[in-house]
Amino acid sequence: MSFQLRRAEVLDGEQLSAMLGESPARAAQAILLAAGEGEVEAQALLGQILLDGQGIAQDQALALRWFGIAAGRGHLMARNMLGRCHEHGWGIAADASVAAQHYRIAAEAGLDWAMYNLANLLATGRGVAVDHRQALALYRRAAELGHAKSMNLFGRYLEDGQVCPANPLAARDWYRRSAEGGDFRGQFSFAAVLADEGRIDEAVDWLEKALAGGNLNFLRVASQTLASAVDPKIQALAGRYALRCQ
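Residues numbered from 1 in each chain as written. Predicted model: local features only at pLDDT ≥ 70, side-chain atom pairs only at ≥ 80, totals over all residues. Heavy atoms only, no water.

## Considering the overall build of the protein chain
So, step 1. Each helix and strand in the protein chain was counted, giving 15 helices and 0 strands.
So, step 2. Taking 18 Å as the expected radius of gyration for a compact globule of 246 residues, we find that the protein chain reaches 20 Å, a close match to that expectation.
So, step 3. Seen through its C-alpha atoms, the protein chain measures out along the principal axes to roughly 60 × 40 × 30 Å.
So, step 4. Looking at the protein chain as a whole, 45% of its 246 residues qualify as buried.
So, step 5. Taking all contacts inside the protein chain whose residues are at least 6 apart in sequence as the whole, residues at least 24 apart take part in 46%.
So, step 6. Of the roughly 11,800 Å² of accessible surface on the protein chain, 52% is carried by carbon and sulfur atoms.
So, step 7. The averaged location of the 27 negative side-chain charges in the protein chain is 2 Å from the averaged location of its 24 positive side-chain charges. (Helix = DSSP H or I, 4+ residues; strand = E, 2+ residues; numbered from the N terminus. Rg over C-alpha atoms; globule rule 2.2 N^0.38 Å. Buried < 20%, exposed > 50% of the residue type's maximum accessible area, 1.4 Å probe, protein only. Contact = heavy atoms within 4.5 Å. Areas by Shrake-Rupley, 256 points an atom, 1.4 Å probe, with all protein chains shown as cover. Lys, Arg positive; Asp, Glu negative; His and termini not counted. Charge placed at Lys NZ, Arg CZ, Asp CG, Glu CD.)

## Description of the confidence of the model for the protein chain
So, step 1. On average, the protein chain scores 93 in pLDDT, and the residues at 70 or more come to 93%.
So, step 2. In this model residues 1–7 is a low-confidence stretch, pLDDT under 50, and it forms 26 contacts with partners more than four residues away in sequence or in other chains. (pLDDT = per-residue confidence, 0-100.)

## Some thoughts on the pattern of salt bridges
So, step 1. Inspection of every chain in the model, using the stated rule, returns 11 salt bridges.
So, step 2. Linking Asp173 and Arg176 is a salt bridge whose minimum nitrogen-to-oxygen distance equals 2.6 Å. With Asp173 and Arg176 both in helix H10 (residues 168–180) and 3 residues apart, this pair spans about one turn of that helix.
So, step 3. The class for Arg176 is partly exposed, based on a relative accessible area of 25%.
So, step 4. The closest approach of N and O atoms between Asp201 and Lys233, which form a salt bridge, is 2.9 Å. Of this pair, Asp201 sits in helix H12 (residues 200–213) while Lys233 sits in helix H14 (residues 232–235), placing them 32 residues apart in sequence.
So, step 5. A single network of salt bridges, built from pairs that share partners, joins Arg172, Glu197, Arg199 and Glu202. (Salt bridge = Lys/Arg side-chain N within 4 Å of Asp/Glu carboxyl O.)

## Concerning the environment of Ile31
So, step 1. Mapped onto the secondary structure, Ile31 falls in helix H2 (residues 24–36).
So, step 2. Separated by 10 residues in sequence, Ile31 and Glu41 have C-alpha atoms that sit 9.1 Å apart.

## Things to note about the packing of aromatic side chains
So, step 1. Enumeration according to the criterion identifies 9 aromatic pairs in this entry.
So, step 2. Ring geometry for Phe184 and Phe218: centres 4.9 Å apart, planes at 55 degrees, overall tilted. With Phe184 in helix H11 (residues 184–196) and Phe218 in helix H13 (residues 216–227), this pair connects stretches of sequence that are 34 residues apart.
So, step 3. Owing to a relative accessible area of 9%, Phe184 belongs among the buried residues under this scheme.
So, step 4. Among the aromatic side chains, those forming a connected cluster through ring pairs are Trp113, Tyr116, Tyr139 and Tyr157. (Phe/Tyr/Trp six-rings, centres within 6.5 Å; stacked < 30°, edge-to-face > 60°.)

## Here we look at the environment of Gln54
So, step 1. Its place among the elements puts Gln54 in the loop between helix H3 (40–52) and helix H4 (60–72).
So, step 2. For Gln54, a relative accessible area of 31% corresponds to the partly exposed category.
So, step 3. The sequence separation of Gln54 and Ala171 amounts to 117 residues, and the corresponding C-alpha distance is 39 Å.

Given below as structure tokens:
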């Protein structure tokens, strides 16, 4: 049994998704069997369903063990997920410095999600010394690999001219690509650029998309930003963002 990974920071595949939708317990049993037989993809997937409690009792500590087994056999997303567990304290005490070590291993092996996660730590100084130049380089590498969230943050560095020459036109292009790639923060960033250009209706369309996909923290901050907008069409969205937070 083998599963193909999608381009998302979830150890999942189309077969697994279908099985979990139809019979989560049956899918978990299939993954357990394959993991026990040494299938590295299944070992990584077992870590994910244990972490999420999909078709099996949630057990973050056991998820961490299976991620470790798969990572030790060279599975890059499992290595990245080890970093996530250490960063967020899933199944173990939170330690961003250990998370950074795992992210770096997977990033150096070419995993875009690990580049993004390591860059986030470097940009904020969590577990590592602040290093915006290295963060920028990682965001750029991941963006060029097609990672939508990194595209938005690479655009932010270009717009602000932080540790690089300011390039608003290039920033606009990366925001657009991030938005089209489905990142809600990229959609919000691109909407802001469009609004500044007077293309209000297009900006509203992208803000609608960001509203549909955004997480709670994003929605809270975005609602406050929108409340101070000059254009009434954009300002009107502030209430909808705030409502969705509830």
